[in-house]
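Here is what each chain is made of, one letter per residue.
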Amino acid sequence: QVQLVESGGGLVQAGGSLRLSCVASGTIFSITAMGWYRQAPGKQRELVAVLTRGGSATYADSVKGRFTISRDNARNTVYLQMNSLKPEDTAVYYCNAEQWIPTTAQARDYWGQGTQVTVSS
C-alpha cells in the first residue's frame, strides 16, 4: 500500500510559479515511478510529467521547458516546479505512484487526492 499527499496548489497570475509537493508513505521501496497528472473540468486526465526510479524524466509537450519534476529520496517526496504558468495550466493536479508487485508481476497505481492550481489571465 502506498499513500500520497499533495500540497502546494493555489491561485497564481499568468507567468507566475508554483511548486507542488507529493509525499509518499507505505511500501515506498516498491515504487518504480512517480509522476504528476492533471485534469481540468470536462477534460480527461492527462500526463504532465513522470520520473522513474532510475531518474529518467518525461514531460508532456505542453509543459516542456516550463515544468520540472524532481525528487528527494530522503524525504520520500516528488516535486513539480511550475514556471511561466498559463491559464491553460489550470486544473486539479494529481500525484501518481506506480508500485511493482512481484507476486503477480504487475504494476499498481496509486493516486493522491489532488491539489487545485488556478492560473488567472
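Residues numbered from 1 in each chain as written. Predicted model: local features only at pLDDT ≥ 70, side-chain atom pairs only at ≥ 80, totals over all residues. Heavy atoms only, no water.

Caption draft 1: Representation of the packing of aromatic side chains. With the rule as written, the count across this model stands at one aromatic pair. Here Y37 and W111 contribute two aromatic rings whose centre-to-centre distance is 5.0 Å and whose plane-to-plane angle is 70°, an arrangement assigned as edge-to-face. Of this pair, Y37 sits in strand 4 (residues 31–39) while W111 sits in strand 10 (residues 106–111), and the two are 74 residues apart along the sequence. Its guanidinium or amino end placed over the ring of Y94, R45 lies 3.8 Å from that ring's centre, counting from NZ or CZ. In this arrangement the basic side chain of R45 is found over the ring face of W111, its NZ or CZ atom lying 4.7 Å from the centre. (Phe/Tyr/Trp six-rings, centres within 6.5 Å; stacked < 30°, edge-to-face > 60°. Helix = DSSP H or I, 4+ residues; strand = E, 2+ residues; numbered from the N terminus. Lys NZ or Arg CZ within 6 Å of the ring centre and 35° of its normal.)

Caption draft 2: Structural detail: the side chain of D89. Within the secondary structure, D89 is located in the loop between strand 8 (77–82) and strand 9 (91–101). On the accessibility criterion, D89 (1% relative accessible area) is buried. Side chain to side chain, D89 and R38 meet in a polar contact 2.9 Å long. Once residues lying within four places of it in the same chain are set aside, the contact partners of D89 are R38, R66, F67, S84, V117 and V119. (Buried < 20%, exposed > 50% of the residue type's maximum accessible area, 1.4 Å probe, protein only. Polar contact = N/O pair within 3.5 Å; in protein donor to acceptor, adjacent residues only side chain to side chain. Contact = heavy atoms within 4.5 Å.)

Caption draft 3: Examining the sheet that holds strand 3 (residues 18–26) more closely. Pairing within the open sheet is antiparallel, and its four strands lie in the order 1-3-8-7. Among the strands making up the open sheet, the edge pair consists of strand 1 (2–7) and strand 7 (67–72). Strand-to-strand, the axes of this sheet are offset by a mean angle of 20°, without reference to chain direction. Two strands pair when backbone bridges link them, and strand 1 and strand 3 are joined in this way by six bridges, in the antiparallel orientation. Along strand 3, the bridge assignment pairs V2 with G26. (Pairing = 2+ DSSP bridges. Axes fitted to C-alpha atoms, helices over the stretch in contact; angles between N-to-C directions.)

Caption draft 4: Quick look at the environment of W100. With respect to the helices and strands, the residue W100 is situated in strand 9. Judged by its relative accessible area of 39%, W100 is partly exposed. Separated by 75 residues in sequence, W100 and S25 place their C-alpha atoms 15 Å apart. Those residues in contact with W100, other than ones at most four positions away along the chain, are S30, T32, A105, Q106 and A107.

Caption draft 5: View of the pattern of salt bridges. Scanning the entire structure with this criterion turns up five salt bridges. Close ionic contact of D89 with R38 constitutes a salt bridge, the shortest N to O distance being 2.9 Å. Note that D89 is positioned in the loop between strand 8 and strand 9 and R38 in strand 4, a separation of 51 residues in sequence. Between R66 and D89 there is a salt bridge whose closest N-O contact spans 2.7 Å. One end of the pair, R66, is in the loop between strand 6 (57–59) and strand 7; the other, D89, is in the loop between strand 8 and strand 9, and 23 residues separate them in sequence. (Salt bridge = Lys/Arg side-chain N within 4 Å of Asp/Glu carboxyl O.)

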